[in-house]
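Chain and residue survey
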Amino acid sequence: MTEASISALLAAIPMPALLVGHGERVIAANSLTAALLGPAITGRHFITVIRQPAVLDAVENCLGDHQVHKTQYLASRGGQEENFEVTCTYVDTALGQGAVVVFHDITELTQAEQMRRDFVANVSHELRTPLTALIGFIETLLGPAKDDEAVRARFLGIMANEAGRMERLVRDLLSLSQVEGEARVRPTERVEILGLMESVRNALAPLARDAEVELEITAEDGPVEVKGDSDQLRQVLTNLVENAIKYGRAGKRVEMTLSAVAQMSELQGQGVAVTVRDHGAGIDEIHIPRLTERFYRGDSHRSREMGGTGLGLAIVKHIVNRHRGRMRISSVLGEGTSIRIVLPLG
């Protein structure tokens, strides 16, 4: 097998690959390897090309015992960390003995695994606090306070709040799971948005009244229909308006605005925008890019006091994505927050 034929074989491998041969030098490498390890690596000693000790050991061991060796390679390109699983396989060619080194990109798998660990840790943390409180109150009610009616009544009220917090968390987790499961299924129902907005306003009127907040709806172009899932779009509007009421100021307004959107390349056509605005304390801009992450809170203490689970905007984001829409959050400290949802008309 000639050097040219080896290069052709490596070029057919859909991932970075190189051949270390005589004199422990790189005999051939495909273009993906050049993008990962740098240009002009052919002819160089493999130590000057790879450099990471774990991979160097794997190559040396493969050349020594003729066995397959695997390890990890970490890279940083474009400001992003990448993870590769490296497989070193012994070969015997017409050009001599050597080792084929293949880099399999496992970045997405690693990120998914990290997301899973973070998710489990966050759920555990969110459930541990109310569970610890419930256990403590139950032990107190069974012991020192079992005959104290005043303490029992107060503790039972707190326990009810903590149990409700866990119930909301479980409900949001189930909702998020359902939304993610339907992410690739396009909705086909026709939904009249203005009527949906009015329905949400009526349903949340008691909450707004208790918070001394006025709900207003403005429709610039009258009723309009979009293709969507009415239950999920109701969930989006309910979540946004509930947040606006909770984090707005007493005596202020929460404004729901419906407006047409001109041709948008992202939507591949015309769209309709629903904006929910409050006049509360606002959100520091440093938090805005992360507000749709699961369990992320700009003000965690206040959010928990308000009964938030940290999943609401993550659910909203997934629903909007399923509807091929766009979501934008803008806020000014001291002036309030505005969330704009754009949905395609088609």
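Going by the structure above, here's the rest.
In this text, all values refer to a predicted model and were calculated from it rather than measured experimentally.

1. Some thoughts on helix 5 (residues 107-142)
Between the first and last C-alpha of helix 5 there are 52 Å, a value that for 36 residues agrees with the 52 Å anticipated at 1.5 Å per step. Of all the bends in helix 5, the greatest, near 25°, is centred on arginine 128, and the proline proline 130 appears no more than four residues after it. Looking at helix 5, one finds that the buried residues are Thr107, Val123, Glu126, Pro130, Leu134, Phe137 and Leu141.

2. Some remarks on the environment of glycine 79
Counting through the fold element by element, glycine 79 comes out in the loop between strand 3 (69-77) and strand 4 (80-93). Given the relative accessible area of 70%, glycine 79 is considered exposed. In this structure the C-alpha to C-alpha distance between glycine 79 and arginine 190, which are 111 residues apart in sequence, comes to 43 Å.

3. Some words on unusual backbone geometry
Phi is positive for glutamate 24, which is not a glycine, with a value near 60°. As for its position among the elements, glutamate 24 is in the loop between strand 1 (17-20) and strand 2 (26-29). The backbone of arginine 51 sits at a positive phi, close to 75°, despite the residue not being glycine. Summarising the element assignment, arginine 51 is placed in the loop between helix 3 (46-50) and helix 4 (53-65).

4. Considering the sheet that holds strand 5 (residues 96-105)
Here we have 5 strands laid out as an open sheet, ordered 2-1-5-4-3, and antiparallel in their pairing. At either margin of the open sheet sits one strand with a lone partner, and together these are strand 2 and strand 3. Adjacent strand axes in the sheet meet at a mean angle of 25° when their direction is disregarded. When strand 3 meets strand 4, the two strands line up antiparallel, connected through 9 bridges. Within strand 4, the position partnered with alanine 75 by the bridge is glutamate 82. Across the sheet, helix 1 (residues 3-12) is in contact with strand 1, strand 2, strand 4 and strand 5; its angle to strand 2 comes to roughly 45°. Contacts from helix 4 reach strand 1, strand 3, strand 4 and strand 5, with the element oriented near 150° to strand 3.

5. Considerations on the packing of aromatic side chains
Think of a pair of aromatic rings as described by two things: how far the centres are apart, and how the planes are tilted against each other in angle. Enumeration over the complete set of coordinates arrives at 5 aromatic pairs. Here the aromatic rings of phenylalanine 84 and phenylalanine 103 are separated by 6.4 Å at their centres, their planes lie at 85°, and the arrangement is edge-to-face. Residue phenylalanine 84 is found in strand 4, and its partner phenylalanine 103 is found in strand 5; the two are separated by 19 residues along the sequence. Counting every residue linked through ring pairs, the aromatic cluster contains Tyr73, Phe84 and Phe103. Here the guanidinium or amino end of arginine 294 rests over the ring plane of phenylalanine 119, the centre of that ring lying 5.1 Å away.

6. Here's the deal with the state of the cysteines
With the rule as written, the count across this model stands at 0 disulfides. Here cysteine 88 is not disulfide-linked; the sulfur of cysteine 62 is the nearest cysteine sulfur, at 5.7 Å.

7. A short note on the pattern of salt bridges
According to the stated counting rule, one finds 11 salt bridges in the structure shown. Between arginine 117 and glutamate 113 there is a salt bridge, with its nearest N and O atoms 3.6 Å apart. Of the two residues, arginine 117 and glutamate 113 both sit in helix 5, 4 residues apart, roughly one turn of that helix. Three or more residues are tied together by salt bridges with common partners; here these are Glu113, Arg116 and Arg117.

8. Topic: a positive patch on the surface
On the surface, Arg184, Arg186, Lys227 and Arg324 cluster together to form a positively charged patch. In this fold, arginine 186 is placed in the loop between helix 6 (149-181) and strand 6 (190-192).

9. Let's talk about the side chain of histidine 45
Tracing the sequence through the fold places histidine 45 in the loop between helix 2 (31-37) and helix 3. In this structure the side chain of histidine 45 is engaged in a polar contact, spanning 3.0 Å, whose partner is the side chain of glutamate 24. Not counting residues within four places of it along the chain, the set of residues in contact with histidine 45 comprises Gly23, Glu24 and Arg25.

10. A short note on the environment of arginine 277
Looking at where arginine 277 falls in the secondary structure, it is placed in strand 10 (residues 269-277). Arginine 277 sits 20 residues away from threonine 257 along the chain, and the two C-alpha atoms are 8.4 Å apart. Non-local contacts of arginine 277, meaning those with residues more than four positions away in its chain, are made with Arg253, Val254, Glu255, Glu335, Thr337 and Ser338.

Each value, and the rule that gives it
Residues numbered from 1 in each chain as written. Predicted model: local features only at pLDDT ≥ 70, side-chain atom pairs only at ≥ 80, totals over all residues. Heavy atoms only, no water. Helix = DSSP H or I, 4+ residues; strand = E, 2+ residues; numbered from the N terminus. Expected span 1.5 Å × (residues − 1). Bend = angle between axes of the 7 residues up to and from the residue. Buried < 20%, exposed > 50% of the residue type's maximum accessible area, 1.4 Å probe, protein only. Pairing = 2+ DSSP bridges. Axes fitted to C-alpha atoms, helices over the stretch in contact; angles between N-to-C directions. Contact = heavy atoms within 4.5 Å. Phe/Tyr/Trp six-rings, centres within 6.5 Å; stacked < 30°, edge-to-face > 60°. Lys NZ or Arg CZ within 6 Å of the ring centre and 35° of its normal. Disulfide = S-S within 2.5 Å. Salt bridge = Lys/Arg side-chain N within 4 Å of Asp/Glu carboxyl O. Patch = residues over 30% accessible without salt bridge, like charges linked within 9 Å, V, L, I, M, F, W, Y side chains within 5 Å. Areas by Shrake-Rupley, 256 points an atom, 1.4 Å probe, with all protein chains shown as cover. Lys, Arg positive; Asp, Glu negative; His and termini not counted. Charge placed at Lys NZ, Arg CZ, Asp CG, Glu CD. Polar contact = N/O pair within 3.5 Å; in protein donor to acceptor, adjacent residues only side chain to side chain.

Function-wise, these values are silent; they only describe arrangement.
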